[in-house]
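Take a look at the letters that make up each chain.
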Amino acid sequence: MKLSGGVEWALHCCVVLTTAGEPVPAARLAALHDVSPSYLAKQMQALSRAGLVHSVQGKTGGYVLARPAQEVTLLDVVQAVDGADPAFVCTEIRRRGPLGTPPEQCTRQCPIARAMGAADAAWRASLAAVTVADLAASVRDESGPEALPRIGAWLSGGPAA
């Protein structure tokens, strides 16, 4: 399964937005992650269209999570950025060629399509079981309790001490 790089950036942004007490400009998020502001803006727009973040206009505008972090799953973010299409699309190869199976004999999906569909469903269930809040908790556990508050202070324009 290959995901776009935008998924990674979007997930990182969602995690750090859990620390934000006020809207965070996309340019500030881009600076934090050392990525192109225009590239990151595309990911944030995708999250906004999906209702995962809310864009606040004006001088103090920026992005905030649109709902609690425990209600935003990894699957939500993946689908917002890369779409909800399945990873595998069966083109009924078994019906092609000189020995193709007649359509009337193809009453159910072929074994390949069934196996790939099951794998896709398992992958999606796994992503749906992890929330942005879970990721933030892992950051706290692995990077220390000061890591996210430090990021939150930096995002709001304060010192990163």
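All figures in this text were calculated on a predicted structure; none of them were measured in a lab.

The next thing to look at is the overall build of the protein. Secondary structure summary: the protein contains seven helices and two strands in total. Helices (α) and strands (β) of the protein occur, in sequence order from the N terminus, as α-α-α-β-β-α-α-α-α. Taken over C-alpha atoms, the radius of gyration comes to 20 Å for the protein, far larger than the 15 Å a tight globule of 161 residues would show. The principal-axis extent of the C-alpha atoms belonging to the protein is close to 70 × 35 × 25 Å. Within the protein, the proportion of its 161 residues that are buried is 32%. Summed over its atoms, the accessible surface of the protein is roughly 9400 Å², and 56% of this surface lies on carbon and sulfur atoms. Measuring between centres, the 14 positive side-chain charges of the protein sit 7 Å from its 14 negative side-chain charges.

Take helix α7 (residues 147-155) next. Residues of α7 that are buried include every one of A147, L148, G152 and L155, and no others. The arc that holds the buried residues of α7, viewed along the axis, is 135 degrees, so those residues lie on one side.

This part covers the packing of aromatic side chains. Counting across every chain of the model gives zero aromatic pairs. Above the plane of the ring of W154 lies R28, whose end atom (NZ or CZ) is 3.7 Å from the centre.

Right, let's talk about the pattern of salt bridges for a bit. Scanning the entire structure with this criterion turns up four salt bridges. With its nearest N and O atoms 3.7 Å apart, the salt bridge here joins E92 to R95. Ionic pairing is found between R124 and D120, a salt bridge with its closest N-O pair at 2.7 Å. In this pair, R124 and D120 both sit in helix α5 (residues 111-128), four residues apart, roughly one turn of the helix. Owing to a relative accessible area of 11%, D120 belongs among the buried residues under this scheme. Put simply, E92, R94 and R95 are held in one network by salt bridges that share partners.

As for its placement among the helices and strands, T73 is situated in the loop between β2 (62-65) and α4 (74-82). Apart from the residues within four sequence positions on either side, T73 is in contact with L127, A128, V130 and T131.

As a further point, take the environment of Q109. Looking at where Q109 falls in the secondary structure, it is placed in the loop between α4 and α5. According to the relative accessible area criterion, Q109 is partly exposed, its value standing at 47%. In this structure the C-alpha to C-alpha distance between Q109 and Q79, which are 30 residues apart in sequence, comes to 25 Å. The contact partners of Q109, leaving out residues within four places of it in the chain, are R94 and R114.

Thresholds, definitions, all that
Residues numbered from 1 in each chain as written. Predicted model: local features only at pLDDT ≥ 70, side-chain atom pairs only at ≥ 80, totals over all residues. Heavy atoms only, no water. Helix = DSSP H or I, 4+ residues; strand = E, 2+ residues; numbered from the N terminus. Rg over C-alpha atoms; globule rule 2.2 N^0.38 Å. Buried < 20%, exposed > 50% of the residue type's maximum accessible area, 1.4 Å probe, protein only. Areas by Shrake-Rupley, 256 points an atom, 1.4 Å probe, with all protein chains shown as cover. Lys, Arg positive; Asp, Glu negative; His and termini not counted. Charge placed at Lys NZ, Arg CZ, Asp CG, Glu CD. Arc of directions from axis to C-beta. Phe/Tyr/Trp six-rings, centres within 6.5 Å; stacked < 30°, edge-to-face > 60°. Lys NZ or Arg CZ within 6 Å of the ring centre and 35° of its normal. Salt bridge = Lys/Arg side-chain N within 4 Å of Asp/Glu carboxyl O. Contact = heavy atoms within 4.5 Å.

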